[in-house]
Amino acid sequence: AQRLWIRLRTFREEWFLDTEYGVPYWNILGKKISKAQVDLIFQREILAEAGVTEITAFESSIKNRQYSMSFRVRVSTGDETDTITINPTN
């Protein structure tokens, strides 16, 4: 859960040791793309994290131009995480 939280809060190219790590926020911010496209970007990032085998639940919303999401994942040990929530206030 902690690694996912860090990955999803990191802008792609922000970390000099791995410029492919993180979310391509510059492709999202200020662009006219659908919520479905934004969901897909985040789901791809979640699945790119080592040890994540599947997304078992995913919900997202946009209110006042602010995107938030909650999700659970299954990891390679077979365990499922508690719900992870990412929103502008955390």
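Presented here is an overview of the structure given in this document.

Rules behind the numbers
- Residues numbered from 1 in each chain as written.
- Predicted model: local features only at pLDDT ≥ 70, side-chain atom pairs only at ≥ 80, totals over all residues.
- Heavy atoms only, no water.
- Pairing = 2+ DSSP bridges.
- Helix = DSSP H or I, 4+ residues; strand = E, 2+ residues; numbered from the N terminus.
- Axes fitted to C-alpha atoms, helices over the stretch in contact; angles between N-to-C directions.
- Contact = heavy atoms within 4.5 Å.
- 1 Å grid on protein atoms, 1.4 Å probe; cavity = no way out; pocket = protein on both sides within 12 Å on 5 of 7 lines; lining within 4 Å.
- Points joined across faces, edges and corners; volume = space filled by probe spheres on them.
- Nonpolar A, V, L, I, M, F, W, Y, C, P; charged D, E, K, R; others polar.
- Phe/Tyr/Trp six-rings, centres within 6.5 Å; stacked < 30°, edge-to-face > 60°.
- Buried < 20%, exposed > 50% of the residue type's maximum accessible area, 1.4 Å probe, protein only.
- Patch = residues over 30% accessible without salt bridge, like charges linked within 9 Å, V, L, I, M, F, W, Y side chains within 5 Å.
- Areas by Shrake-Rupley, 256 points an atom, 1.4 Å probe, with all protein chains shown as cover.
- Salt bridge = Lys/Arg side-chain N within 4 Å of Asp/Glu carboxyl O.

### With respect to the sheet that holds strand β1 (residues 52–63)
1) Next: Across the sheet, 3 strands lie side by side as β1-β2-β3; this open sheet has antiparallel pairing. The open sheet has two edge strands, β1 and β3 (84–86), and neither has a second partner. For this sheet, the mean inter-axis angle between neighbouring strands, taken without regard to orientation, is 20°.
2) Next: Pairing between strand β2 (residues 66–75) and β3: 3 bridges, direction antiparallel. Within β3, the position partnered with Ser70 by the bridge is Thr85.
3) Next: Each of β1 and β2 is contacted by helix α2 (residues 35–48), which is oriented at about 150° to β1, the strand it contacts most.

### Concerning the layout of surface pockets
1) Next: Roughly 650 Å³ of volume is contained in the largest pocket.
2) Next: Tyr25, Ile28, Leu29, Arg65 and Tyr67 are the residues nearest the centre of the largest pocket, which is lined by 20 residues in total.
3) Next: Of all the secondary structure elements, the ones that give two or more residues to the lining of the largest pocket are α2 and β2.
4) Next: Per element, the largest residue contribution to the lining of the largest pocket is 3 residues, and it comes from β2.
5) Next: Considered class by class, the residues forming the lining of the largest pocket number 13 nonpolar, 3 polar and 4 charged.

### Let's talk about the packing of aromatic side chains
1) Next: Tallied over the entire structure, the rule returns 5 aromatic pairs.
2) Next: Centroid distance Phe11 to Trp26: 5.2 Å. Interplanar angle 50°. Geometry classified as tilted. One end of the pair, Phe11, is in the loop between α1 (2–8) and α2; the other, Trp26, is in the loop between α1 and α2, with 15 residues separating them in the sequence.
3) Next: On the basis of relative accessible area, Phe11 is assigned to the partly exposed category, the value being 27%.
4) Next: Judged by centre distance (5.7 Å) and plane angle (75°), the ring pair of Trp15 and Tyr21 falls under edge-to-face.
5) Next: Tyr21 sits in the buried class, given a relative accessible area of 16%.
6) Next: The structure contains a cluster of three or more aromatic residues connected by ring pairs, namely Phe11, Tyr25, Trp26, Phe42 and Tyr67.

### Remarks on a nonpolar patch on the surface
1) Next: On the surface, Trp15, Phe16 and Leu17 cluster together to form a nonpolar patch covering roughly 390 Å² of accessible area.
2) Next: With respect to the helices and strands, Trp15 occurs in the loop between α1 and α2.

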